[in-house]
Amino acid sequence: MKKFRFLLTLILTLAVLLTACQTKETEPVVEEETGPFKIAVVMPSAINDLAFSQSMYDALVMIQEEMGGEEAMTFVYSDGMFVVDDAAAAIRDYASQGYDLVIAHGSQYGSSLQEIAPDFPDTSFAWGTTVDTFGIDNIFAYEAASQEGGYVNGVIAASLSESGVLGVVGPIETGDAKLYVDGFVAGAEATVPGIKVNVNYIGSFSDVALASEAANTHVAAGADGLTGTAQMVIGAIGVAEENDALWFGTQASQTELAPAHVVANQVYRWDVVLSEILDLIDAGTLGGTSFVIDLANGGEVMDFNPDFELPADVQALAEATVQGIIDGTITIELGE
Amino acid sequence: MISDLFSMTVLVGILASGIRLATPYLYASIGETFSQRSGVLNLGVEGQMLLGAFAAFYVALTTENLWFGVLAAIVVGGLMGLAMAFVTINLHAEQGISGIGFYLFGLGLSDLLFQKMLGTVETVKGFPKVHIPVLSDIPVVGEIFFRQNVLVYIALALVPLAWFVLNKTTLGLKIRAVGENPEAADSLGVSVARIRYFTVVLGGIMSGVAGASLSIALLNVFQQNLTSGLGFIAVALVYFGAWRPWGVLAGALLFSLINSLQLWVQVLGIPIPSDIAVMMPYILTILVLVLTVSRVRPPSALTKSFERGD
């Protein structure tokens, strides 16, 4: 009887483990050599997070359409891979299943990739956000110059602020999150010298409740314009809406979450990088190059909420700022 | 800089936000207190919260009735509790392992349902803040305590109620007896299984409502892994509170207040690195645990399954 119970517990536990760890596939794996180009992606959050993971998912859908649909390119993904060990196992699985390109979409996956890539010399790997290819010739790296859109958002926010206080909800002080936050602060300070831009990092990419409380803190400190980066900001956007504060988005368009309060979003267009990577793979190069998306190469786009009535002078200033960053007349001085 | 911390705006801000942050912990921890007092460690709280949060959100979104949402969270949390009770009480499965199993089940299923039934992050109009007449106008106190949403008030009211049930009723006496010495309780005619079923299902219901307090009252959104570890902290708070409702309240408030304090520390520009600031609540919790652990003793039968000897 005891043995039976143990076995039953084991089976139940394994069953639930398997439900939790299942991989979602858009398409059954096609195993023909001459078939479509096959891409696999591992992402830390959900494909519909309105932020980091969604920006990559949207890019893949776009590229697939450009290439002519599923006959030309198929992709599968594992999302919600916030446990790095699980992600590493998925990366290795995809590589051994013969995918042409395996993307590890998250800077936390770097050291795993460094270990796995040399075992699959005929597979191309890409990861970001980073500039580091580890000197391994089948790894591409990609990064976002997120300070650029951050700067533009900062300029608009400072121009619209009546209280002279802005608030930023950051995840962890690192990578493109830090670049975005520093860019936003620089843009606001360059536009309205002496403006107060309060920043708090909550120490998590996923804690929606704490992000929401961080936004409440900013509002209580007098902020009438808020921004934030990473997938946990959905809680903060609700706080902006509730308190009639403006919201500035990044990574993907967040307009639908608060249509009356989102002013503008910096949208990542990873398809720009992906097309370049696919061209290189086509020409026989499997890695070794790093890419940056920015306003100049169209990898970052400022998306204005059409339903928000932005005063004409602020709109003009925002557009001039974008142009200035592209042609180099505006340089962004980042903090330490 | 540091003196800014003691301004009225900041103090009110810290306290009001501390109470909001404490709400989901309170529901989950009080429910868990009942299960643990009867001898069942339920580590599946996080999974129950996630499913409760999703059920509440989905039902509130589709029926546009927030109370139906709460009801859905109660039903889903209760069912999860029932399953946990069956596995641990009837099948005598190891409590810790099956709890982790239920956590993973809740995490996976809530994500799957979210992807299939909603597909994208949406918002719902959640429980509004209720200004309690007269009381909410009291300076400072009014702003902190009496301008919150209804689920915050219910959570706070549950603390004395839980204390009363556990300490002043026959039911409470039976729960405690079953958790301390199930053999003795059994010999006196108390059904150990029935009492444990009751507390574990109650724990599931409370965890479900804890999830609802996030998805349709505090945040008004649902996304994958919305609870992000809150459920595990809720279990830790039961230890922290020494298995007593008032202790759990103190722990939830302390943890949440330190969390909101660290947000203010950063906003005021007090020069503490953000990495250190976000560690403050955890460091303090560990410190208090270490200092108090020698004084308190868990229920004797905690994690031990019970089989009638006859």
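Residues numbered from 1 in each chain as written. Chains lettered and ligands numbered in written order. Predicted model: local features only at pLDDT ≥ 70, side-chain atom pairs only at ≥ 80, totals over all residues. Heavy atoms only, no water.

Novice: Outline the pairing of strand β5 (residues 139-144) of chain A, listing residues and values.
Specialist: For a regular strand, side chains alternate in direction, first toward one face of the sheet and then toward the other. Residues and elements named next belong to chain A. Within β5, 5 of the 6 residues are buried, which leaves it mostly tucked inside the rest of the structure. Where strand β4 (residues 124-128) and β5 come together, 4 bridges link them in parallel fashion. What sits directly across from G128, in β5, is Y142. Summarising the sheet, β5 and strand β11 (residues 290-293) pair through 4 bridges and their orientation is parallel. The residue of β11 that forms the bridge with A144 is I293. (Buried < 20%, exposed > 50% of the residue type's maximum accessible area, 1.4 Å probe, protein only. Helix = DSSP H or I, 4+ residues; strand = E, 2+ residues; numbered from the N terminus. Pairing = 2+ DSSP bridges.)

Novice: Could you give an account of the confidence of the model for chain A, naming the residues involved and the relevant values?
Specialist: Residue and element names in this part refer to chain A. The share of residues in chain A with pLDDT of 70 or more is 89%, and the mean pLDDT across the chain is 89. The lowest-confidence element of chain A is helix α1 (residues 2-20), averaging 50 in pLDDT; the highest-confidence one is helix α5 (residues 146-160), averaging 97. Note on residues 18-32: pLDDT is under 50 here. Beyond four places in sequence and across chains, it has 24 contacts. (pLDDT = per-residue confidence, 0-100. Contact = heavy atoms within 4.5 Å.)

Novice: Residue-level account of the sheet that holds β5 of chain A, with values.
Specialist: Residues and elements named next belong to chain A. The 6 strands are arranged β2-β1-β3-β4-β5-β11 in an open sheet whose pairing can be described as parallel. Of all the strands in the sheet, just β2 (73-78) and β11 have a single pairing partner and so form its edges. Shown here is a sheet whose adjacent strand axes are inclined to one another by a mean of 20 degrees, direction ignored. With respect to the sheet, helix α2 (residues 52-67) is in contact with β1 (37-42), β2, β3 (101-105), β4 and β5, its orientation differing from that of β2 by roughly 165 degrees. (Axes fitted to C-alpha atoms, helices over the stretch in contact; angles between N-to-C directions.)

Novice: Lay out the interface of chain A and chain B with the relevant residues and their values.
Specialist: On the chain B side, the residues contacting the 46 residues of chain A number 43 residues. Summing both partners gives a buried area of about 3,700 Å² for chain A against chain B, and 60% of it is carried by carbon and sulfur. Taken together, chain A and chain B are joined by 2 salt bridges. The closest approach of N and O atoms between E213 of chain A and R20 of chain B, which form a salt bridge, is 2.7 Å. Applying the counting rule to chain A against chain B returns 10 residue pairs in polar contact (both at pLDDT 80 or more). By residue number, the principal contributor to the side of chain A that touches chain B is helix α7 (residues 208-220) of chain A, which donates 10 residues. (Buried area = accessible area lost by both parts, 1.4 Å probe. Salt bridge = Lys/Arg side-chain N within 4 Å of Asp/Glu carboxyl O. Polar contact = N/O pair within 3.5 Å; in protein donor to acceptor, adjacent residues only side chain to side chain.)

Novice: So what's going on with the nonpolar core? Which residues, and what values?
Specialist: I30, I216 and L226 of chain B are the most contacted members of the largest nonpolar core, which totals 94 residues. Here this core gets 10 residues from one element, more than from any other, and that element is helix α9 (residues 192-218) of chain B. The residues touching I216 of chain B, leaving out its near neighbours within four places in the chain, are A56, F57, A60, L66, G69, V70, V124, G126 and F127 of chain B. Residues V155, L166, A264 and L310 of chain A belong to the second largest nonpolar core, which totals 30 residues. (Core = buried A, V, L, I, M, F, W, Y, C linked by side-chain atoms within 4.5 Å.)

Novice: Describe the environment of M56 of chain A, listing the residues and the values that go with them.
Specialist: Residues and elements named next belong to chain A. By the element assignment, M56 lies in helix α2. Its relative accessible area of 1% is what places M56 among the buried residues. Residues M56 and N305 lie 249 residues apart in sequence; the distance between their C-alpha atoms is 21 Å. With residues up to four places along the chain from it excluded, the contact list for M56 reads V41, M43, I103, H105, Y142, W270 and L274.

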